[in-house]
Amino acid sequence: MSMPGAGGAATRNVALYPWFKAAQSLLFWQATWFLYFQQALTPAQAILLYAVYDLSATLLEVPSGVMSDRLGRRVTLIVSALSMALGAALLGWGGGFAVFMAGQALLGAGIAFVSGTDSSFLYESLQAAGEEASVEAEELRAWRFSFGALLVSAPLGGLAALWSLALPFWLSAAAAGIGLVLALRFTDPPQLRSDAVLPQTQWGALRAAFRDPVLIWLFALAALMYGYSHLPFIFGQPFIEGALARFDLSDDAPLVSGTITAIMMGVSLLASLAAPRLRARIGLAALLLLAFGMQIALISTLALTGSVLAILALTLRMVPDAFSRPFILAHIQPRLEGAGRATYLSIQSLVGRLLFAASLYLAAGGAQGADALAHDEIALILGAYALFGLGALVLLALTARRSGV
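Residues numbered from 1 in each chain as written. Predicted model: local features only at pLDDT ≥ 70, side-chain atom pairs only at ≥ 80, totals over all residues. Heavy atoms only, no water.

Counting its secondary structure elements, the chain contains 15 helices and 0 strands. Counting over 405 residues, the chain shows a buried share of 58%. Carbon and sulfur atoms make up 68% of the accessible area of the chain, which totals about 15800 Å². (Helix = DSSP H or I, 4+ residues; strand = E, 2+ residues; numbered from the N terminus. Buried < 20%, exposed > 50% of the residue type's maximum accessible area, 1.4 Å probe, protein only. Areas by Shrake-Rupley, 256 points an atom, 1.4 Å probe, with all protein chains shown as cover.)

Written as structure tokens, this is what we have:
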């Protein structure tokens, strides 16, 4: 239900929200970050830096969700944008391993504070405006804005990296500053229940959520898909560099990586347009399992061959996200109580990050001492992920119907 006088502010929130998501998705460093870290440090340290990012986000996931549920969505999104701006600036400044760690920790904090809060902010703003039935369409709209921003920033970041590998981080810091300005213009959605901020109500809402079979199944799937979505993000850049090195073109890796990322986002935008029709045709569970299966197939391809042609497979990296994340969020939100909405989503992200960070720690152990990550090492790491993912996919398929998804 909506509150008197809340409709105008809520409508403004909904209108500004996709632009906020776009500003936070202008990640000019997305296609060159590993090359930058590997140039300044070692491949093992570069992998560990991603683990630092995930660890920071992990430690702040649940506290940020609790903060969001108790203190408000707006202030949490402001903290997120500020952290991302400072983290990107610190990484652009560079220095020793400790400076890189601090920058990655701030970026991780920025992601933690936006995780769960952004989707909760959108859903509650739609509720206040009396438009909660359009949550799936609005989630897809925001996702397309994010994809569009990623598409634009990838090739521009690749071009900037040809001049300086640090420059894409400075550009991202400026974009995060725009996100901060937008967050300052948000208005907190009204509390839909007068006791929503009470701890006992919050934890009661969480207990109810974790007794819901549908939410449990979606929780497991989302936690797994988080890691499998990021694997090509981490190992794609050294894969491209290694493939181009065979033709003495490794110096062009930043530009090629940026171009591939731009094509990837364009393909994902097209996939997001087709996603609603596909969901209507095959159903939610089948669509989500298809998306997870595509993630496993992609990393299997990268593990099996180091061919330049395999680079084209990376253009499909974000298609599974377009087929899954907006629908998962739209399906989860109505089943959650406002008292624990952001905290539940933060716990979901926490589990995914913990699993993935632990696996990355093991993966970094296999890359010690090398000047660059070779395909043989990439194949071994991704092959292990593929086998585990296949087992998880079978288990999820067997339990989908019983869970009621």
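All right, on to the packing of helix H7 (residues 135-163) against helix H13 (residues 319-332) then. Put simply, H7 and H13 touch, their axes get as near as 9 Å, and they point 140° apart. Considering their axes alone, H7 and H13 lie oblique with respect to each other. Read as a crossing pair, H7 and H13 show a hand that is right-handed. Contact residues: Val135, Glu136, Glu139, Leu140, Trp143 and Phe147 in H7; Asp321, Ala322, Arg325, Pro326, Phe327, Leu329 and Ala330 in H13. Tallied by class, residues from the contact of H7 with H13 come to 9 nonpolar, no polar and 4 charged. (Axes fitted to C-alpha atoms, helices over the stretch in contact; angles between N-to-C directions. Parallel < 35°, antiparallel > 145°, perpendicular 65-115°, else oblique. Left-handed = near helix turned anticlockwise from the far one by under 90°. Contact = heavy atoms within 4.5 Å. Nonpolar A, V, L, I, M, F, W, Y, C, P; charged D, E, K, R; others polar.)

Okay, the nonpolar core next. Core analysis: the largest hydrophobic core is formed by 85 residues, its most contacted members being Phe37, Phe292, Tyr344 and Tyr385. For this core, the element with the most residues is helix H10 (residues 213-245), which contributes 12 residues. Residues contacting Tyr385, with those up to four places away along its chain left out, are Tyr228, Leu231, Ile299, Phe356, Ser359 and Leu360. Membership of the second largest hydrophobic core comes to 20 residues, among which are Phe20, Ile78, Leu122 and Leu180. (Core = buried A, V, L, I, M, F, W, Y, C linked by side-chain atoms within 4.5 Å.)

What follows covers the environment of Ala142. For Ala142, the position within the fold is in helix H7. Ala142 sits 23 residues away from Ser119 along the chain, and the two C-alpha atoms are 9.7 Å apart. If we ignore the near neighbours within four places in the chain, the residues touching Ala142 are Tyr17, Pro18 and Lys21.

All right, on to the environment of Ile332 then. One can find Ile332 in helix H13. Classification of Ile332 as buried rests on a relative accessible area of 0%. On a C-alpha basis, the gap between Ile332 and Leu345 in space is 9.0 Å, while along the polypeptide they are 13 residues apart. Excluding anything up to four places from it in sequence, Ile332 contacts Leu215, Leu218, Tyr344, Leu345 and Gln348.

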